[in-house]
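Chains, contacts and geometry: an overview
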Amino acid sequence: AQKVTQAQTEISVVEKEDVTLDCVYETRDTTYYLFWYKQPPSGELVFLIRRNSFDEQNEISGRYSWNFQKSTSSFNFTITASQVVDSAVYFCALSVFNSGTYKYIFGTGTRLKVLA
Amino acid sequence: EAGVTQFPSHSVIEKGQTVTLRCDPISGHDNLYWYRRVMGKEIKFLLHFVKESKQDESGMPNNRFLAERTGGTYSTLKVQPAELEDSGVYFCASSRPRYGEKLFFGSGTQLSVL
């Protein structure tokens, strides 16, 4: 079975601090995709990044960076120099192709509070 | 392009009543998904449509939930009769018909059953 674990329920940081959100996934599939989504107070989940299982290159996009490690089944997300606007719930997700259908499995989310 | 639209944004009903949620996906997105999130828990899969066909409904909790997708366009999710445990945020998402595609989400419907 597939599973996504986000052990951190809530994190509070002071503005300009760096913060890392953890994501650990489980799957027996060799081909899969990993995602991060952000849910701001407005409610709509916003796509941040996608990684496929064959691409372990880390990625940096502005203040955001992602560390994908297959050896530990982790796909962690770091925000550098956090800002108040980063306050949101962040979801990690795993996508597999199973029984003829695409499945997306989400974690429980991590609520990030960035304090001014 | 217009995003995924869900209606209503909030619904408060009493136990035993019926509620219908609606989702309008992005035009051209064959895949449409329904998810539910109970406070503090994971976003849990309910149902997947490919065009008008139910591809996977393994996440539907019981036969009080009925989903339809008329002509492969908008979708409705009806709960009849509603129970207290049905409370939560119901999300709709759509995507292009390709493996690994990102999901585009609506803002969700907050359902409260009293």
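Placed above this text is the structure.
Residues numbered from 1 in each chain as written. Chains lettered and ligands numbered in written order. Predicted model: local features only at pLDDT ≥ 70, side-chain atom pairs only at ≥ 80, totals over all residues. Heavy atoms only, no water.

**Remarks on the nonpolar core**
Nonpolar side chains in soluble globular proteins generally cluster together in the buried interior. With 25 residues, the main nonpolar core has Trp 36, Phe 77, Tyr 90 and Leu 112 of chain A as its most contacted residues. Going through the elements one at a time, strand 2 (10-14), strand 3 (19-21), strand 5 (33-39), strand 8 (64-69), strand 9 (74-79), strand 10 (88-98) and strand 12 (110-115) of chain A are the ones with two or more residues in this core. The dominant element in this core, judged by the number of residues it contributes, is strand 10 of chain A, at 5 residues. Among the nonpolar cores identified, the runner-up in size contains 21 residues, and Ile 13, Val 19, Phe 49 and Met 60 of chain B belong to it. (Core = buried A, V, L, I, M, F, W, Y, C linked by side-chain atoms within 4.5 Å. Buried < 20%, exposed > 50% of the residue type's maximum accessible area, 1.4 Å probe, protein only. Helix = DSSP H or I, 4+ residues; strand = E, 2+ residues; numbered from the N terminus.)

**Section: the packing of aromatic side chains**
One pass over the structure, following the stated rule, counts 25 aromatic pairs over all chains. Aromatic pair Tyr 104 of chain A and Tyr 33 of chain B: ring centres 5.3 Å apart, planes at 85°, arrangement edge-to-face. You can see Tyr 104 of chain A sitting in strand 11 (residues 101-106) and its partner Tyr 33 of chain B sitting in strand 4 (residues 31-37), one on each of two chains. Tyr 33 of chain B shares its class with Tyr 104 of chain A; the two are buried. Ring centres of Tyr 35 of chain B and Phe 105 of chain B lie 6.2 Å apart, and the angle between their planes is 40°; on these two criteria the pair is classed as tilted. In this pair, Tyr 35 of chain B sits in strand 4 while Phe 105 of chain B sits in strand 10 (residues 104-105), placing the two residues 70 residues apart along the sequence. Note on accessibility: Tyr 35 of chain B and Phe 105 of chain B belong to one class, buried. An aromatic cluster is built from Phe 35, Tyr 37, Phe 47, Tyr 104 and Phe 106 of chain A together with Tyr 33, Tyr 35, Phe 45, Phe 91 and Phe 105 of chain B, whose rings are joined through pairwise contacts. One residue, Lys 103 of chain A, lies across the ring of Phe 45 of chain B, its end atom 5.7 Å from the ring centre. In this structure, Arg 22 of chain B packs its charged tip against the face of Tyr 74 of chain B, placed 3.8 Å from the ring centre. (Phe/Tyr/Trp six-rings, centres within 6.5 Å; stacked < 30°, edge-to-face > 60°. Lys NZ or Arg CZ within 6 Å of the ring centre and 35° of its normal.)

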